[in-house]
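Next come the chains, spelled out residue by residue.
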Amino acid sequence: MNCRKCGKKAVINMRQHKLGLCEQHFLDWIPQQTQRFIEKYGMFTNDDRILVAVSGGKDSLSLWDVLARLGYHADGLYINLGIDDGAHYSSKSQRIAEDFAEANKLHLQVVAIESLEGFTIPEASRRTLRGQGRPCSVCGLTKRHVLNRVAREQNYDVLVTGHNLDDEAAVLFGNTINWATGYLTRQSPLLEAKSGLVRKAKPFFRFYERETAAYALLRGIEYIYEECPHATGATSLYYKELLNTMENRRPGAKLSFLLSFLQAKESGFLADGDSDDSRELRTCQSCGQPTTAPDTCTYCRMWEQIRSRQPRTIEGRHT
Ligand code: Q46
Ligand code: ZN
Ligand code: ZN
């Protein structure tokens, strides 16, 4: 296939768009499309201060690169989770994020969970029954809390994440087969700010994972190839595989699954009654973040409990 713009040999063929592009035109196409999505969904403007959640992976670094190329004021936040047994996932991804920021003269701040709360995520996970031995539940809650807290305390207008179409379609698939209507109502490329929760946007939500990977590769962006070691066996990876099988049979299946859902939602498919957004938000007495709990938020209660417990042994007993 040849590039649709210049006729040179295409380096990427996007079957869902029936579009082939050469390197140069692909590297122009990604920012152009990103800008189109930002405007179409009213995500942010040039006047906004943007905080990018940077993990050191291809999606977040490509997103940060694209936003900088488009002239947005975008700073990065890297959260060190302390996942360092074996593959040194955290130290490696932090080094990659820092090198990227330095090379591109971008501002990156680093928050280490161990310095903030006294334990790394794996240590914390061993001290709680939450997540049944897997650290992802502790990790997810902690990341969401810290991202919102930093964005809010430092007056950022919007928090952006590098979620791509494969991520979004997998989440949608999981929520659909479980008919998790509360989550379905909230699944959106843009969540407006409300009661202490900052605005959240996902400017890459319409790009396939292979497109963000190709962008990082062609732009020469160094990123961490390895997944977090705790992602192995995650249900979301299984959903991604299923969706890829569908995509191979019918190019564009993932994109149409997500876009049709967003359209259906727009036209009132999920009535307001299905939303748990109407729950009243109060202020956590300990950290000042919004919560539906009457006094202390789930995050503060979880870390309080983690600090007061002894680690579990392999057999699950307390030492
Ligand atoms: S939640 Fe789980 Fe991820 Fe945290 S422990 Fe690793 S896999 S990083 S997106
Ligand atoms: Zn071309
Ligand atoms: Zn709290």
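Scroll up for the structure.
Residues numbered from 1 in each chain as written. Chains lettered and ligands numbered in written order. Predicted model: local features only at pLDDT ≥ 70, side-chain atom pairs only at ≥ 80, totals over all residues. Heavy atoms only, no water.

(A) Spatial organisation of the sheet that holds strand S3 (residues 49–54). Taken in spatial order, the six strands make up an open sheet running S5-S4-S3-S6-S8-S7, and their pairing is mixed. Of all the strands in the sheet, just strand S5 (108–112) and strand S7 (190–191) have a single pairing partner and so form its edges. Two strands pair when backbone bridges link them, and S3 and strand S6 (residues 158–160) are joined in this way by three bridges, in the parallel orientation. Of the residues in S6, the one forming a bridge with Leu51 is Leu159. Lying on the sheet, helix H6 (residues 136–153) is in contact with S3, strand S4 (73–80), S5, S6 and strand S8 (199–201); it crosses S4 at an angle near 140°. (Pairing = 2+ DSSP bridges. Helix = DSSP H or I, 4+ residues; strand = E, 2+ residues; numbered from the N terminus. Contact = heavy atoms within 4.5 Å. Axes fitted to C-alpha atoms, helices over the stretch in contact; angles between N-to-C directions.)

(B) Spatial organisation of the site of ligand 1. All residues in the neighbourhood of ligand 1 are listed as Leu81, Ile83, Cys136, Cys139, Lys143, Cys228, His230 and Ala231. Residues of the shell around ligand 1, tallied by class, amount to six nonpolar, one polar and one charged. (Near = heavy atom within 4 Å. Nonpolar A, V, L, I, M, F, W, Y, C, P; charged D, E, K, R; others polar.)

(C) Structural context of the packing of aromatic side chains. In the structure shown here, the tally under the stated rule is 13 aromatic pairs. Relative to Phe207, the ring of Phe204 has its centre 5.2 Å away and its plane inclined at 80°; by these criteria the two rings are edge-to-face. This pair shows no difference in class: Phe204 is buried, exactly as Phe207 is. Each ring, one from Tyr223 and one from Tyr225, has its centre 4.7 Å from the other, and the planes form 55°; the classification is tilted. Here the aromatic residues Phe26, Trp29, Phe37, Tyr41, Phe204, Phe205 and Phe207 are joined through ring pairs into a cluster of three or more. The side chain of Arg49 reaches across the aromatic face of Tyr156, ending 4.1 Å from its centre. (Phe/Tyr/Trp six-rings, centres within 6.5 Å; stacked < 30°, edge-to-face > 60°. Buried < 20%, exposed > 50% of the residue type's maximum accessible area, 1.4 Å probe, protein only. Lys NZ or Arg CZ within 6 Å of the ring centre and 35° of its normal.)

(D) A look at the coordination of the zinc ion (ligand 2). Coordination of the zinc ion (ligand 2) by the protein comes from Cys3 (SG), Cys6 (SG), Cys22 (SG) and His25 (ND1), over a distance range of 2.1 to 2.3 Å. Because the angles between the four donor atoms bound to the zinc ion (ligand 2) fall within 99 to 115°, the donor set is best described as tetrahedral. On the primary sequence, the residues serving as donors to the zinc ion (ligand 2) are separated as C-x2-C-x15-C-x2-H. Linking Cys6 in the segment before strand S1 (12–14) with His25 in helix H1 (residues 23–40), this pair joins segments that are 19 residues apart in sequence. (Donors = N, O, S within 2.8 Å, 3.2 Å for Na, K, Ca; no water. Tetrahedral: all angles 85-135°; square planar, octahedral: opposite > 155°, others 65-115°.)

(E) A look at unusual backbone geometry. Residue Asn155 is not a glycine yet carries a positive backbone phi of 55°. Note on placement: Asn155 falls in the loop between H6 and S6.

(F) Structural detail: the coordination of the zinc ion (ligand 3). Donor atoms from the polypeptide that bind the zinc ion (ligand 3) are Cys284 (SG), Cys287 (SG), Cys297 (SG) and Cys300 (SG), placed at 2.3 Å. Around the zinc ion (ligand 3), the four donor atoms sit at angles spanning 106 to 113°, and that spread fits a shape best called tetrahedral. One chain supplies every donor for the zinc ion (ligand 3), spaced along it as C-x2-C-x9-C-x2-C. There is no split in this pair, since Cys297 and Cys300 are both buried.

(G) Highlighting helix H2 (residues 58–69). Between its terminal C-alpha atoms H2 stretches 16 Å, which fits the 16 Å expected from 12 residues at 1.5 Å a residue. Counted residue by residue, H2 has 10 buried out of 12 residues, so it is predominantly covered. When H2 is considered as a whole, its buried residues turn out to be Lys58, Asp59, Ser60, Leu61, Ser62, Leu63, Trp64, Asp65, Val66 and Leu67. Positive backbone phi, approximately 85°, marks Gly71, located one or two places after H2. (Expected span 1.5 Å × (residues − 1).)

(H) Inspection of the pattern of salt bridges at higher detail. Scanning all chains against the criterion turns up 15 salt bridges. With its nearest N and O atoms 3.7 Å apart, the salt bridge here joins Arg199 to Glu192. For Glu192, a relative accessible area of 51% gives the class exposed. The shortest N-O distance in the salt bridge between Glu209 and Lys240 comes to 3.7 Å. Of this pair, Glu209 sits in helix H9 (residues 209–218) while Lys240 sits in helix H10 (residues 235–249); the two residues are 31 residues apart in sequence, bridging distant segments of the chain. Put simply, Lys58, Asp59, Asp167, Glu209 and Lys240 are held in one network by salt bridges that share partners. (Salt bridge = Lys/Arg side-chain N within 4 Å of Asp/Glu carboxyl O.)

(I) Fine view of the packing of helix H7 (residues 165–177) against helix H11 (residues 253–266). Their axes nearest at 9 Å, the elements H7 and H11 cross at an angle of 60°. Of the two possible hands of crossing, H7 and H11 adopt the one that is left-handed. Of the residues in H11, those in contact with Leu165, Asp166, Glu168, Ala169, Leu172, Phe173 and Thr176 of H7 are Lys254, Leu255, Phe257, Leu258 and Phe261. In terms of residue class, the contact of H7 with H11 is built from eight nonpolar, one polar and three charged. (Left-handed = near helix turned anticlockwise from the far one by under 90°.)

(J) Highlighting the pairing of S5. Bridge count for S4 against S5 is five bridges, and the pairing is parallel. Paired with Gly76 across the bridge in S5 is Leu108. Viewed along the sheet, the connection from S4 through helix H3 (residues 89–103) into S5 turns out right-handed. (Right-handed = clockwise from strand over helix to strand, strands pointing away.)

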